[in-house]
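Survey of secondary and tertiary structure
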Amino acid sequence: MSGCPLAGPPVHRATIESVASKRGKQTVRDMILSMLVITAVAGVVYIFIPHDDKADPIKAVDYRVELATARRAAPYPVAAPAGLPEGWKPTSVSYEGRNGSGWHLGFLDPDEKYVAVEQSTVPAKKYVPQVSQHAENTGRTREVSGRSWEVWKGSKYDALVLHAEGVTTVVTGSAPADRLAEMAGALKTASAADDASDAPAGAGAGAAGASGAPAAS
């Protein structure tokens, strides 16, 4: 007999490439299966857990304390609206005693457009573009409640601007011009003592008892 090896069936050896390819396909498949399971669970949770699709994520704020504080601290008459009709919602408030003594009061109008009242001792040339998203003075004015407000226009916000000794008052936002004018016409100044019961505590409540001259008097 010769020394030739016996013939037998061919031996198939897995290569590194084939093993990696197989594992890659398994990983993708596992990921897809996992995503399907997660999606199914999320769907069950959404169906069986109570939820309110009409819930309003923006809550009205009570700004009475901040308004009273600002009116005690600010070096100018702090303005806030009195007697706004239903549908206006106060959403933000702040007072910064440094860097120009800035007063901010933000609202959503009845159409859910943004309107803000901004006041500061910072020079108007710098301050107005800052709070109005770089609106520019049109050179026109608008009479509101017997006062002449400058009309500013911008790509994001428009603004009405009132200058007085030591303070600039700005009514600005994404709301249309008539809404800005409505807010400007409602602004009043009052002493801190008047604020405890007069400032609105929530949406649509007017400061019916607030007294005093219009803003920046």
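Quick note: structure is the one above.
Rules and cut-offs
- Residue positions within a chain follow its written sequence, with the count starting from 1.
- Per-residue local features of the predicted model are confined to residues with pLDDT of at least 70, and side-chain atom pairs are confined, for both listing and counting, to 80 or more; whole-chain, interface and lining totals are unaffected and use all residues.
- Excluded from the side-chain calculation are hydrogens and water; included are all heavy atoms of the structure.
- Any residue under 20% of the maximum accessible area for its type is buried, any over 50% is exposed, and the rest in between are partly exposed; the area is computed with a 1.4 Å probe on protein chains only.
- The way it works is that DSSP assigns letters per residue, a run of H or I at least four long becomes a helix, a run of E at least two long becomes a strand, and they are numbered from the N terminus.
- Here, strands pair whenever DSSP counts at least two bridges between them.
- For salt bridges, the criterion is a side-chain nitrogen of Lys or Arg within 4 Å of an Asp or Glu carboxyl oxygen.

Moving on: the pairing of strand 3 (residues 102-108). Counting buried positions along strand 3 gives seven out of seven residues, so the element sits mostly inside the fold. Burial of the side chains of strand 3 extends over both faces: Gly-102, His-104, Gly-106 and Leu-108 are buried on one face and Trp-103, Leu-105 and Phe-107 on the other. Examined bridge by bridge, strand 2 (residues 89-96) and strand 3 share seven bridges and lie antiparallel to one another. Within strand 3, the residue paired with Tyr-95 across the bridge is Trp-103. Counting the residues between successive antiparallel strands, the hairpin from strand 2 to strand 3 contains five residues, one of them, Asn-99, with a positive phi of roughly 50°. Taken together, the six bridges between strand 3 and strand 4 (residues 114-120) define a ladder with antiparallel strand orientation. Within the sheet, the bridge partner assigned to Phe-107 lies in strand 4 and is Val-115. Between strand 3 and the antiparallel strand that follows it, strand 4, lie five residues; Glu-112 among them carries a positive phi value of about 65°.

In total, this model carries seven salt bridges according to the counting rule given. Of the charged contacts, one joins Arg-179 and Asp-109 as a salt bridge, the two residues approaching to 3.7 Å between their closest N and O atoms. Within this pair, whereas Arg-179 is found in helix 4 (residues 177-186), its partner Asp-109 is found in the loop between strand 3 and strand 4, the two being separated by 70 residues in sequence. Each member of the pair, Arg-179 as well as Asp-109, is classed as buried. In this structure, the salt-bridge partner of Asp-178 is Arg-142, at a minimum N-O distance of 3.0 Å.

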